[in-house]
Amino acid sequence: MAVQKEQPGMAGGRVGSESRKLLLVDDEVALRKNLVRAFEREGFEVATAGSLKEAYDVAADFCPDYAVLDLNLQDGYGMELIGTLQELRPGVRIVILTGYDSIASSLVALKAGAAGYLAKPVQAEQVVATLLGQADDGLEPLVRPMSADRVRWEHIQRVFEQCNRNVSETARRLNMHRRTLQRILSKRAPRP
Amino acid sequence: MMENATNTSPATPSAPGERASGDSPILILVDDDAPLRRSLQRAMERRNFQVYTADSLKAGLNLAHSVKPDYAVIDLRLEDGSGIELVKRLRELHPKVRVVILTGYGNIATAVAAVKAGAADYLAKPADADDVINALLATGSSLPPPPANPMSADRVRWEHIQRVFEQCNRNVSETARRLNMHRRTLQRILNKRAPRE
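Residues numbered from 1 in each chain as written. Chains lettered and ligands numbered in written order. Predicted model: local features only at pLDDT ≥ 70, side-chain atom pairs only at ≥ 80, totals over all residues.

An unreviewed UniProt entry lists chain B under the name ActR/PrrA/RegA family redox response regulator transcription factor, with Benzoatithermus flavus given as the organism.

Put into structure tokens, the structure is as follows:
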């Protein structure tokens, strides 16, 4: 394969003519800036959005080839964008990037067609590698069981996803108070 | 541990509704945890699955070649390798097989890798037989419907701690280390009765 060397913005080793429009949706300004720099270094043409609504507006004009989506946005749930982005640009490569990560929502994302799913905090290089399909494949041996709090979180998240993210229904099934559940869901994921 | 691929001939009076003929669906179950394997095997046989078991990646690969499974339940972390390799191989050999990963060492990276390899679902232990059945029989690309009566969140946490505790031969310090908890916190949890299911 002809890899263009020494050309700025082509560090991913791809051919230059390929379109690399990337939509980054995240409501954390600092993280967004940091990622934009990293993406532009890799030759992506980046558009950003800080909310779901803004993301829909930008996507409609920009028709991105790649997208990095945060999930818990102020005005909605980033997973919703997957379908729209796929309609705008079939074959779009989508990576989910979230601080509310769970195995259950990673399954939902992958089944909806996302190419990757990463938990925050994450190195920009890893996001790039995942976008380009160059990340390792998760086959490294697992040496540690999940933390006890993480197992509890994963269980709650799975039932939540199975209830289509309906809080009242999830609380009822898990026999918890709705407010207790709401509090748990509003916190970031415990460490793995 | 020396059983390799044991075909148990279950009593299967009738097949589940989704199969037209009278034969029961074939399930392969690969897990190196012998007690779990046996209890899951019994539970699945009661539900008319014809179950073949294996306790290692190698034995699982052999099974993949010798039987034609409709379903598979695979542990992620086998003594001689990753269950994800087996998922890939199974899906190559039997494109219609529905595979569910069942693991005590779950994480996001392997869940993603499992789905990419063709797994339909990925369950963290503790999961009961109903969870496994629901995951196997779910249709389409969505998660199975929510269980009517799932384990409570506290119970799941407790079961997990107990499982790691047993794996550490009930050594409190070692368990605390592996779970990355304070020894005293763990001791306090272990001294209490189990939370409601």
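**Remarks on the overall build of chain A**
Across its full length, chain A carries eight helices and seven strands. Of the contacts made within chain A by residues no fewer than 6 positions apart, 59% connect residues no fewer than 24 positions apart. (Helix = DSSP H or I, 4+ residues; strand = E, 2+ residues; numbered from the N terminus. Contact = placed C-beta atoms within 7 Å.)

**A word on the packing of helix 1 (residues 29-41) of chain A against helix 5 (residues 124-131) of chain A**
All names here are of chain A. Running from amino to carboxyl end, helix 1 crosses helix 5 at an angle of 50°, the nearest separation of the two axes being 9 Å. By the criterion of interaxial angle, the relationship of helix 1 to helix 5 is oblique. Here the hand of the crossing between helix 1 and helix 5 comes out right-handed. Contacts between helix 1 and helix 5 involve Asn-34, Leu-35, Ala-38 and Phe-39 from the first element and Ala-124, Val-127 and Val-128 from the second. Considering only residue class, the contact of helix 1 with helix 5 consists of six nonpolar, one polar and no charged. (Axes fitted to C-alpha atoms, helices over the stretch in contact; angles between N-to-C directions. Parallel < 35°, antiparallel > 145°, perpendicular 65-115°, else oblique. Left-handed = near helix turned anticlockwise from the far one by under 90°. Nonpolar A, V, L, I, M, F, W, Y, C, P; charged D, E, K, R; others polar.)

**Some details on the interface of chain B and chain A**
Taken together, the 35 residues of chain B in the interface contact 34 residues of chain A. Those elements giving two or more residues to the side of chain B that touches chain A turn out to be helix 4 (108-117), strand 8 (121-124), helix 6 (153-167) and helix 7 (172-179) of chain B. Among the elements that line the side of chain B that touches chain A, the one with the most residues is helix 4 of chain B, at seven residues.

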